[in-house]
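Residue-level structure breakdown
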Amino acid sequence: MAKIIKVKCTGAGQHVNEIDLEDILGPDVVMYGNPISTGRPIPERIVRKCEECIEGKVILTRDMIEENF
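Summarised in this report is the structure supplied together with it. What you see is a predicted model, and the numbers here were worked out from it, not measured in a lab.

Of all residues except glycine, most have a negative phi; of all peptide bonds, most are trans. The residue Q14 is not glycine, and still its phi comes out positive at about 50°. By secondary structure assignment, the location of Q14 is in the loop between β1 (4-8) and β2 (16-20).

Given below as structure tokens:
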């Protein structure tokens, strides 16, 4: 199931972008109810382009990702 969070861009318009966390981090494999460690750490921050404007960036921090997972 996809987990969508809304994050404002840094541009003048402060556009709200919907970010799919599974899209960013990839799927997790679950067997018998316990997640399998993939060994890939969550990055400190991820920067993406705004979907609405050219100058804005969407910045996701590790804390934001951990809060929403």
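With that settled, consider the environment of D63. Residue position: D63 is located in helix α2 (residues 62-68). As for D63 and I42, which are separated by 21 residues in sequence, their C-alpha atoms are 9.6 Å apart.

On β2, burial follows the alternation: N17 and I19 on one face are buried, whereas V16, E18 and D20 on the facing-out side are not. The sheet contact formed by β1 and β2 spans 5 bridges and is antiparallel. When the bridges of β2 are listed, K6 appears paired with E18.

What counts as what
Residues numbered from 1 in each chain as written. Predicted model: local features only at pLDDT ≥ 70, side-chain atom pairs only at ≥ 80, totals over all residues. Heavy atoms only, no water. Helix = DSSP H or I, 4+ residues; strand = E, 2+ residues; numbered from the N terminus. Buried < 20%, exposed > 50% of the residue type's maximum accessible area, 1.4 Å probe, protein only. Pairing = 2+ DSSP bridges.

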